[in-house]
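# Inside the fold
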Amino acid sequence: MAETFKAFVIKDVDGKPKGGFTTLTLADLPDNDVLVEVAYSTLNYKDGLAVSGKGRIARKLPMVAGIDLAGTVVESRSPDWKPGDKVVANGWGMSETQWGGYTRFQRLKAEWLTRLPDAFSLEEAMGIGTAGYTAALCVDALERWGAVRPGGKEVLVTGAAGGVGSVAVALLAKRGYPVVASTGRPETHDYLRGLGATGFIDRAVLLEKGAPLQKERWAGGVDSVGGQTLVNALSQTIWGGAIAACGLAGSSDLPGTVLPHILRSVALLGVDSVMAPQPLRDAAWARLARDMDKTALTAMYEVQPFDALPDLATRILAGQIRGRVVVDVTR
Ligand SMILES: NC(=O)c1ccc[n+]([C@@H]2O[C@H](COP(=O)([O-])OP(=O)(O)OC[C@H]3O[C@@H](n4cnc5c(N)ncnc54)[C@H](OP(=O)(O)O)[C@@H]3O)[C@@H](O)[C@H]2O)c1
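Residues numbered from 1 in each chain as written. Predicted model: local features only at pLDDT ≥ 70, side-chain atom pairs only at ≥ 80, totals over all residues. Heavy atoms only, no water.

## Concerning the pattern of salt bridges
Close approach of charged atoms allows side chains with opposite charge to pair. Put simply, the rule is: Salt bridges, as used here, are contacts in which a Lys or Arg side-chain nitrogen is within 4 Å of a carboxyl oxygen on Asp or Glu.
According to the stated counting rule, one finds 18 salt bridges in the structure shown. Salt bridges here are not isolated pairs; linked through shared partners, they connect Asp140, Glu143, Arg175, Arg287, Arg290 and Asp291.

## What about helix 10 (residues 309–317)?
The periodicity of an α-helix, 3.6 residues per turn, causes residues three or four places apart in sequence to face the same way. For clarity, the cut-off: Only protein chains enter the accessibility calculation, which uses a 1.4 Å probe; a residue is then buried when its area is under 20% of its type maximum, exposed when over 50%, and partly exposed in between. Strands here mean DSSP runs of E at least two residues long; helices mean DSSP runs of H or I at least four residues long; both are numbered from the N terminus. Think of the arc as the fan of directions from the helix axis to the C-beta atoms. By definition, residues are in contact when any of their heavy atoms lie within 4.5 Å.
Every buried residue belonging to helix 10 is among Leu309, Leu312, Ala313 and Ile316, and all of these are buried. End-on view of helix 10: buried residues confined to an arc of 105°, all on one side of the axis. Its buried side turned inward, helix 10 meets strand 1 (4–13), strand 2 (16–25), strand 3 (34–43), helix 1 (45–52), strand 15 (301–305) and strand 16 (324–328). Just beyond helix 10, the residue with positive phi is Gly319, at close to 70°.

## Considerations on the site of the ligand
The following threshold applies: Near, as used in this document, describes a residue that has one of its heavy atoms within 4 Å of the molecule or strand being considered. Definition of a polar contact: a pair of N or O atoms within 3.5 Å, with one able to donate and the other able to accept a hydrogen when the atoms are protein atoms, and with sequence-neighbouring residues admitted only if both atoms are side-chain atoms. Each accessible area is a Shrake-Rupley result for a 1.4 Å probe, and residues are judged covered by the shown protein chains and nothing else. Only Asp, Glu, Lys and Arg are considered charged, only Ala, Val, Leu, Ile, Met, Phe, Trp, Tyr, Cys and Pro nonpolar, and every remaining residue, Gly among them, polar.
Inspection of the region around the ligand gives 24 residues, with Val164, Thr183, Gly184, Arg185 and Ser273 positioned closest. At 3.5 Å from an oxygen atom of the ligand is found a main-chain nitrogen or oxygen belonging to Gly162. The backbone of Cys246 places a nitrogen or oxygen atom 2.8 Å from a nitrogen atom of the ligand. Protein coverage of the free-state accessible area of the ligand, which is 920 Å², stands at 87%. For the shell around the ligand, the residue count by class is 10 nonpolar, 11 polar and three charged.

## Thoughts on the packing of aromatic side chains
Heads up, the rule is: Each Phe, Tyr or Trp ring (for Trp, its six-membered ring) is paired with any other whose centre lies within 6.5 Å, and the angle between the two planes then decides the class: stacked below 30 degrees, edge-to-face above 60, tilted in between.
As enumerated under the stated definition, the model contains six aromatic pairs in all. With a centroid separation of 5.1 Å and 85° between ring planes, the pair formed by Phe8 and Phe21 is classed as edge-to-face. With Phe8 in strand 1 and Phe21 in strand 2, this residue pair connects regions lying 13 residues apart in the sequence. According to the relative accessible area criterion, Phe21 is partly exposed, its value standing at 33%. Ring centres 6.3 Å apart and planes at 70° place the aromatic pair Phe120 and Trp285 in the edge-to-face group. Of the two residues, Phe120 sits in the loop between strand 8 (114–115) and helix 2 (122–145) while Trp285 sits in helix 8 (residues 278–291), which places them 165 residues apart along the sequence. Connected via pairs of aromatic rings, a cluster forms that spans Phe8, Phe21, Tyr102 and Phe306.

## Looking at the packing of helix 2 against helix 8
The following threshold applies: Axis angles are defined between N-to-C directions and span 0 to 180 degrees, where every axis is a line fitted to C-alpha atoms and, for a helix, only to the segment in contact. An angle below 35 degrees is treated as roughly parallel, one above 145 as roughly antiparallel, one from 65 to 115 as roughly perpendicular, and anything else as oblique.
Relative orientation of the contacting elements helix 2 and helix 8 amounts to 105°, with a least axis distance of 8 Å. Comparing the axis directions of helix 2 and helix 8 gives the class roughly perpendicular. Side by side, helix 2 and helix 8 meet where Ala125, Ile128, Gly129, Gly132, Tyr133, Ala136, Leu137, Val139, Asp140, Glu143 and Arg144 of the first sit next to Leu280, Arg281, Ala283, Ala284, Trp285, Arg287 and Leu288 of the second. Of the residues contributing to the contact of helix 2 with helix 8, the split by class is 11 nonpolar, two polar and five charged.

## A closer look at the domain arrangement of the protein
Where we set the bar: Here the bounds of each domain stem from an automatic or database domain assignment. When two parts are put together, the accessible area they lose, computed with a 1.4 Å probe and summed over both, is reported as buried area.
In terms of domain boundaries, the protein breaks down into domain 1 (4–116 + 296–328) and domain 2 (131–270). If you average the C-alpha positions of domain 1 and of domain 2, the two centres end up 29 Å apart. Roughly 920 Å² is buried in total at the junction of domain 1 and domain 2, and carbon and sulfur atoms are behind 64% of that figure. Contact with domain 2 buries area across many residues of domain 1, yet Tyr45, Met300 and Arg322 alone supply 44% of it, more than any other trio. One can count zero salt bridges joining domain 1 with domain 2. Put simply, domain 1 and domain 2 have four residue pairs in polar contact (both at pLDDT 80 or more) between them.

Given below as structure tokens:
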């Protein structure tokens, strides 16, 4: 095992969070039960905020950033895990209150770990990452609500060319729902069609202020944008439909009315991946193992070296990342 290793750490510099590469030793890691040799992490929108320093994600410093990791158990004081087990961890406060995945080694609580599904390699699991696992939670929520059905009315995905959106399009299409992708990047239409989108709506259309009740179109939707986009999605949802909302890439506001909810029984299903209990995680990963087409997954992500992280963070905040980014922490 390496004596020293590289990690991306947010530190307090003159009262402000500032990120950079640092050398750590195993003795620096938190005293949790399971030591994992990390192979890959990912880049999510929240990681972009943390790495660039544009958002105060870490609630204590110093903090190893990175909300995802996939790797192999090296040592375990828990009966649930043994050396050699392949594991994934998403959320659980990593990068906020717990040290995260931008490192070669990390010590984690046993209950934060999810067994790597047989369907995926460590790299592929991070191709999915928090964004993809959140998309799966959203599709689970829509189906639990009974909002969507194969061959039924259209399902909307906003922020479609982003990480959550790409996986949501693929998972919904695989279930046989007609998927309309909302994107501000027409050049991604072929990519999204390849994932299973059958229709498109320009994101500018959903950003326009509209009537509280609009023409009913969507059986359901997955929204990672928030703000007026979410309000329009709700206003255009059919009686009894639902929108699963998980993101705020556009805005954290909700400038709408109660009318879709009280006159059309439209549900706004909030989805949080960070503290989702293990049974919901297991269900989401089982869905991904069953429904995530391998060719679609491969087309969806790029693998980037650890050193590229600061540049990648800038790009995701500028909306320039298509799909998902896997961060190879070994190079
Ligand atoms: N609740 C949770 O547990 C959870 C988990 C994961 C992510 N999230 C949140 O979900 C959101 C998406 O995450 P991600 O990793 O998919 O990020 P991402 O890859 O950057 O995708 C976000 C997409 O949103 C669209 N977008 C960006 N800025 C916009 C704007 N001003 N107006 C309208 N659309 C805009 C873009 O899609 P187009 O280019 O296609 O237009 C962009 O690709 C973030 O807010 C993130 O924090 C929440």
